[in-house]
Amino acid sequence: MENKESIISIKNLEMSYGNKKVLKGINLEIPRGQIIGYIGANGAGKSTTIKIMLGILSGYTGTVEILGKDISTGGVEYKKKIGYVPELADIYENLTAYEYISFIGGVYGIEENKLMTKAEKLMDLFGIKDAFKSRISSYSKGMKQKLLIICSLIHNPDILFFDEPLSGLDANSVMVFKEIMDSLAKEGKTIFYSSHIMDVVEKVSDRILLLNDGQIVADGSFEELKNNQKEGSLEEIFNQLTGFNEHTSIAKDFVSLVEEV
Ligand code: ATP
């Protein structure tokens, strides 16, 4: 039965690159206020799914509805309600954060003074305010990541797509970010969280989706997934559901080759 409350509704989504079929029929209903942990092996198609939802990738079949509208026919208005932290960002290194945020504010049509006051306060909370008017090229990895997180949230979107958002963040910042995600979800934001850091996914997600061989092979809370499998941690469940048990032999062969001169 169709869930009228779905913020994201995906039906029979398929996507190929050339002859290679990456997504083989994804069906998903995501209600408001959920943190979705989206996991899968390297190359499984997680970023592809996210880019389709963002309207960056076309050429798929099936339907993707966001906030009740088919994104292939419903115009770009929905993009104002979306925030995105990409896995690999093409950030404009020659700009300062001030200039970059000003550019983003222009795209979203946010009044400049209000935007800059908000941006500066957010940067202050992340401990990077002093770099507000420095070129992004001078930032450390973690500082760039913090700026990307701020940019994804500056327009107060309803849906967040976070693709490996903790990349480069120190342990203290990770704690802050996890709390932020939790609070955002409590405020009714929907968060699509894609990561390989299984212990974090296990802890932060209300619902975990595992993509394998182009299909969702597990969908439920961590407790539900655990009850269905014999193994305990999400890492072990991941190994089991993706049919992987060769880590010891691969590591052994790898080191043997390294030592061969
Ligand atoms: P990772 O965990 O490594 O980031 P992912 O699950 O996000 O992987 P995708 O980036 O969606 O995976 O890629 C899925 C598959 O599609 C991979 O096999 C990749 O090589 C292929 N692919 C992705 N983008 C393209 C492209 N533009 N052209 C051709 N093949 C592509």
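Since this is a predicted model, take the numbers as computed values, not measurements.

Analysis parameters
Residues numbered from 1 in each chain as written. Predicted model: local features only at pLDDT ≥ 70, side-chain atom pairs only at ≥ 80, totals over all residues. Heavy atoms only, no water. Helix = DSSP H or I, 4+ residues; strand = E, 2+ residues; numbered from the N terminus. Polar contact = N/O pair within 3.5 Å; in protein donor to acceptor, adjacent residues only side chain to side chain. Contact = heavy atoms within 4.5 Å. Buried < 20%, exposed > 50% of the residue type's maximum accessible area, 1.4 Å probe, protein only. Pairing = 2+ DSSP bridges. Axes fitted to C-alpha atoms, helices over the stretch in contact; angles between N-to-C directions.

Draft legend 1. Representation of the side chain of threonine 190. Summarising the element assignment, threonine 190 is placed in strand E8 (residues 190-194). At 3.2 Å, the side chain of threonine 190 and the backbone nitrogen of glycine 33 are in polar contact. In contact with threonine 190, other than residues within four places in its own chain, are Ile7, Ile30, Pro31, Arg32, Gly33, Gln34, Asp158, Ile159 and Leu160.

Draft legend 2. Structural detail: the pairing of strand E3 (residues 35-40). Of all 6 residues in E3, 6 are buried; the element is thus mostly enclosed. Of the two faces of E3, the one lined by Ile35, Gly37 and Ile39 and the one lined by Ile36, Tyr38 and Gly40 are each fully buried. For E3 and E8, the ladder comprises 4 bridges, and the chain directions are parallel. Bridge pairing links tyrosine 38 to serine 194 in E8. In terms of strand pairing, E3 meets strand E9 (residues 207-212) through 5 bridges, oriented parallel. Paired with glycine 40 across the bridge in E9 is leucine 211.

Draft legend 3. Here's a closer look at the sheet that holds strand E6 (residues 82-85). Spatially, 6 strands are ordered E6-E7-E8-E3-E9-E10 in an open sheet, and the strand pairing comes out mixed. Strands with a single pairing partner mark the edges of an open sheet, and in this sheet they are E6 and strand E10 (215-220). The sheet shows a mean angle of 15° between the axes of neighbouring strands, taken without regard to direction. Packed onto the sheet, helix H8 (residues 234-241) meets E3, E9 and E10 and runs at close to 30° relative to E9.

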